[in-house]
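A closer look at the structure
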Amino acid sequence: MPPIKSKIMVIEAEYFYRKGLICFLQEQAGVEVIDEKTTEIADILDTIKNGKPDLIILGDTSSGIPALDLIEQIKQARSETKVLFLAERTAGTEEAYVQ
């Protein structure tokens, strides 16, 4: 029986950061990167519903939508999917993301 793979989706606007992360993930046993997205929210949500990722790695989307709102939409689209939020630490942002 083939090993079970975790399906991971990467959402990141920065090209080199996204590609580097995907390259790292693809070298890991038991991981399948099912898609990569940048900014289109409707496209992101459609891929979540159809691709059924186990984990979404969420970085900068440059979409204009606050990250916490996007996470809420992701959880509404597929509550089973886990979200790993990668945030740049800047002054004054810690309180908003710790809630």
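Heads up: these notes are all about the structure in this document.

Thresholds applied
- Residues numbered from 1 in each chain as written.
- Predicted model: local features only at pLDDT ≥ 70, side-chain atom pairs only at ≥ 80, totals over all residues.
- Heavy atoms only, no water.
- Helix = DSSP H or I, 4+ residues; strand = E, 2+ residues; numbered from the N terminus.
- Contact = heavy atoms within 4.5 Å.
- Phe/Tyr/Trp six-rings, centres within 6.5 Å; stacked < 30°, edge-to-face > 60°.
- Pairing = 2+ DSSP bridges.
- Axes fitted to C-alpha atoms, helices over the stretch in contact; angles between N-to-C directions.

Concerning the side chain of threonine 47
Structurally, threonine 47 is set in helix α2 (residues 41-51). Setting aside its immediate chain neighbours within four residues, threonine 47 contacts Met9, Asp35, Lys37, Lys52 and Pro53.

As for the packing of aromatic side chains
Counting across every chain of the model gives one aromatic pair. Measuring from centroid to centroid gives 5.1 Å for tyrosine 15 and phenylalanine 16, while their planes differ by 85 degrees, and the two rings are edge-to-face.

Regarding the sheet that holds strand β4 (residues 82-85)
Strand order in this open sheet of four strands is β2-β1-β3-β4, and the pairing throughout is parallel. Lying at the two open borders of the sheet, with one neighbouring strand each, are β2 (31-37) and β4. Strand-to-strand, the axes of this sheet are offset by a mean angle of 20 degrees, without reference to chain direction. Note: strand β3 (residues 55-58) against β4, four bridges, orientation parallel. From the neighbouring strand, leucine 55 faces β4, where its bridge partner is lysine 82. Lying on the sheet, helix α1 (residues 15-26) is in contact with β1 (6-11), β2 and β3; it crosses β2 at an angle near 165 degrees. Along the sheet, helix α3 (residues 67-77) makes contact with β1, β3 and β4, crossing β4 at roughly 165 degrees.

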